[in-house]
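Residue strings, one per chain:
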Amino acid sequence: MAPAGTLYTVDVQWKGKAIRAVAALGGVEIALPEKYEHYVDNKKSDFLAKFPHGKIPAWDGADGFKLYESTAIARYIASLGKNANLLGTTPEDAALIEQFIHLADSEVDIYTDFTRAITTNTIPYSKPAHTAFTERQTRALNTLEQHISTRTFFVGERITLADLWVAVIFQKAVGLTVDAAARTKLPNLVRHLETIANQPLSTLNLEDWKRAYSNKETRGAGGALEWFYQNNDPAGYSIWRVDFKYNEELTQVFMSSNQITGFFNRLEAARKYIFGSVGVLGESNNSIITGVFITRGPDHEPVVNVAPDWESYSYTKLDLSNDADKAFFEGALAWDLEVDGKKWADGKNLK
């Protein structure tokens, strides 16, 4: 089946993630642009001819229909799909879905962005403004918490667009402004997020992959790599090269290996959404830590930021259609990776 159209978005765009979830649950095949560089391509004349405001997400339908603004695109794609429940089956349900989407957008997401901006000096810091932003966000989260405390889904007995939207907006807030202490006061929103995140939106079952990797030879016919290529879902999972930023501090190989173990232990809360194969390459006093992660979704940060030291590593997205990226991926999984003359000395798996 040909894609219904092309969705212009980027991996770090949360609402683009929600739109892709709508497509997955509705059974609507969508394409992503082969190449798109934000702040460059969206300023070009051919893009502006299609989308005069220059914004993403943007929808370029196979039938010529073009659309921008994230909620409008999400509703349209939901209407194309086989899952009628996404938009509600009664006028009352449709209105309630709209209510929760608007609340999440206008009272949670906007104040997440404002709080992030004021605490990172993107806008000048003001204590009264910071307090006001936090209070407005907290008030909306408490309203959502109270509603979901007595039900599984926000509207009715099945997933709707409201669930997808609230979950994505809350997941973004968790990664930026809603810390562990705040989350203890929102147990039902956390439970709801986990419920939505654990839906089979993807053809790749990560637990099946972990079993295949553990029980098969990595390379060769019938091996784990062959299994992965047969079952990989690039829309549902992304692959990242992971590099320790401070290799000059590394000394003994066994100590560096223990450091990887500690990092993996601190990723325990994300274990359902990640697989890792990371190693020490080189020798004592001349080594590096590098490897790969397979993470749920298009962006690594929501998965790895549960570890306090996640920013001690750099993350580079790998494209398995690129020969060099594919060779790095396979070498890290097979524990025979070599980088700049440094050979694999020891490794750890997160599974």
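Residues numbered from 1 in each chain as written. Predicted model: local features only at pLDDT ≥ 70, side-chain atom pairs only at ≥ 80, totals over all residues. Heavy atoms only, no water.

Looking at an unreviewed UniProt entry, one finds the protein chain named Elongation factor 1-gamma and attributed to Candolleomyces eurysporus.

> How would you summarise the sheet that holds strand β3 (residues 66-68) if you had to cite specific residues and measurements?
The three strands are arranged β1-β2-β3 in an open sheet whose pairing can be described as antiparallel. Of all strands in the sheet, those with a lone pairing partner are β1 (5-8) and β3, marking the two edges. If you compare each strand with its neighbour and ignore which way they point, the axes differ by 10° on average. Lying over the sheet, helix α3 (residues 70-80) contacts β1, β2 (58-61) and β3, oriented at roughly 135° with respect to β3. (Pairing = 2+ DSSP bridges. Helix = DSSP H or I, 4+ residues; strand = E, 2+ residues; numbered from the N terminus. Axes fitted to C-alpha atoms, helices over the stretch in contact; angles between N-to-C directions. Contact = heavy atoms within 4.5 Å.)

> How would you sum up the layout of surface pockets? Please name residues and give values.
Put simply, the second largest pocket is a space of about 620 Å³. Together, 22 residues line the second largest pocket, and Gln 13, Lys 15, Ile 56, Pro 57 and Lys 172 are the ones closest to its centre. Of all the secondary-structure elements, those providing two or more residues to the lining of the second largest pocket are α1 (14-26), α3, α4 (91-119) and α6 (161-176). When grouped by side-chain class, the residues that make up the lining of the second largest pocket number eight nonpolar, five polar and nine charged. (1 Å grid on protein atoms, 1.4 Å probe; cavity = no way out; pocket = protein on both sides within 12 Å on 5 of 7 lines; lining within 4 Å. Points joined across faces, edges and corners; volume = space filled by probe spheres on them. Nonpolar A, V, L, I, M, F, W, Y, C, P; charged D, E, K, R; others polar.)

> Describe helix α5 (residues 127-148), listing the residues and the values that go with them.
Between its first and last C-alpha atoms α5 spans 31 Å; for 22 residues at 1.5 Å apiece the expected length is 32 Å, and the two agree. On its buried face, α5 sits against α4, α6 and α8 (187-197). (Expected span 1.5 Å × (residues − 1).)

> So what about the packing of helix α9 (residues 206-215) against helix α10 (residues 224-231)? Which residues, and what values?
Packed helices, taken two at a time, are described by the angle between their axes plus the distance between the axes. The interhelical angle for the contact between α9 and α10, taken along N-to-C directions, is 160°, at an axis separation of 8 Å. In terms of axis orientation, α9 runs roughly antiparallel to α10. Of the two elements, α9 crosses α10, and the hand of that crossing is right-handed. Residues Asp 208, Trp 209, Ala 212 and Tyr 213 of α9 form the contact with α10, whose own contacting residues are Ala 224, Trp 227 and Phe 228. The residue makeup of the contact of α9 with α10, split by class, is six nonpolar, no polar and one charged. (Parallel < 35°, antiparallel > 145°, perpendicular 65-115°, else oblique. Left-handed = near helix turned anticlockwise from the far one by under 90°.)

> Tell me about the packing of aromatic side chains, and please be specific about residues and values.
As enumerated under the stated definition, the model contains 26 aromatic pairs in all. Measuring from centroid to centroid gives 6.1 Å for Tyr 36 and Phe 47, while their planes differ by 40°, and the two rings are tilted. Here Tyr 36, found in the loop between α1 and α2 (45-50), pairs with Phe 47, found in helix α2; they are 11 residues apart in sequence, far enough to count as distant. Each of the two residues, Tyr 36 as well as Phe 47, counts as buried. Judged by centre distance (5.3 Å) and plane angle (55°), the ring pair of Phe 244 and Tyr 313 falls under tilted. With a gap of 69 residues between them, Phe 244 in strand β4 (residues 237-244) and Tyr 313 in strand β7 (residues 313-317) connect regions that are remote in the sequence. Its relative accessible area of 9% is what places Phe 244 among the buried residues. Accessibility expressed as a relative area gives 3% for Tyr 313, which makes it buried. Three or more aromatic residues link up through ring pairs in this structure, and these residues are Trp 209, Tyr 213, Trp 227, Phe 228, Tyr 229, Phe 275 and Phe 329. Above the plane of the ring of Tyr 237 lies Arg 296, whose end atom (NZ or CZ) is 5.0 Å from the centre. (Phe/Tyr/Trp six-rings, centres within 6.5 Å; stacked < 30°, edge-to-face > 60°. Buried < 20%, exposed > 50% of the residue type's maximum accessible area, 1.4 Å probe, protein only. Lys NZ or Arg CZ within 6 Å of the ring centre and 35° of its normal.)

> Residue-level account of the pattern of salt bridges, with values.
As enumerated under the stated definition, the model contains 17 salt bridges in all. Across the salt bridge formed by Lys 66 and Asp 60, the nearest N and O atoms sit 3.4 Å from each other. A salt bridge links Asp 243 to Arg 241; its shortest N-O distance comes to 2.8 Å. For Asp 243, a relative accessible area of 15% corresponds to the buried category. Taken together, the shared-partner salt bridges connect Lys 15, Asp 105, Asp 109, Asp 113 and Lys 172 into one network. (Salt bridge = Lys/Arg side-chain N within 4 Å of Asp/Glu carboxyl O.)

> Please provide a residue-by-residue account of helix α13 (residues 323-334), values included.
For α13, which comprises 12 residues, the first-to-last C-alpha distance of 16 Å matches the rise-based estimate of 16 Å (1.5 Å per residue) to within 8%. Sitting at the amino-terminal end of α13 is Asn 322, which places a side-chain oxygen 2.9 Å from the backbone nitrogen of Ala 324. Where α13 ends, the next residue or the one after it, Trp 335, has phi of about 60°, a positive value. (Polar contact = N/O pair within 3.5 Å; in protein donor to acceptor, adjacent residues only side chain to side chain.)

> Just give me the short version of the sheet that holds strand β9 (residues 342-350), but keep the residues and values in it.
On the basis of which strands lie adjacent, the open sheet formed by six strands has the order β7-β4-β6-β5-β9-β8 and antiparallel pairing. A strand with exactly one partner marks an edge of an open sheet, and here the two such strands are β7 and β8 (338-339). Across six bridges, the pairing between strand β5 (residues 274-283) and β9 is antiparallel. Looking at β9, one finds that Gly 279 is bridged to Gly 347.

> Before we move on, could you go through unusual backbone geometry and cite the residues and values that matter?
Following Ile 56, the chain continues to Pro 57 via a peptide bond in cis, the omega torsion being 0°. One can find Pro 57 in the loop between α2 and β2. Of note in the backbone geometry, Tyr 39 takes a positive phi value of approximately 70° without being a glycine. Tracing the backbone through its elements, the reader meets Tyr 39 in the loop between α1 and α2. Given the relative accessible area of 60%, Tyr 39 is considered exposed. The backbone of Glu 69 shows a phi angle near 85°, a positive value even though the residue is not glycine. Within the secondary structure layout, Glu 69 lies in the loop between β3 and α3.

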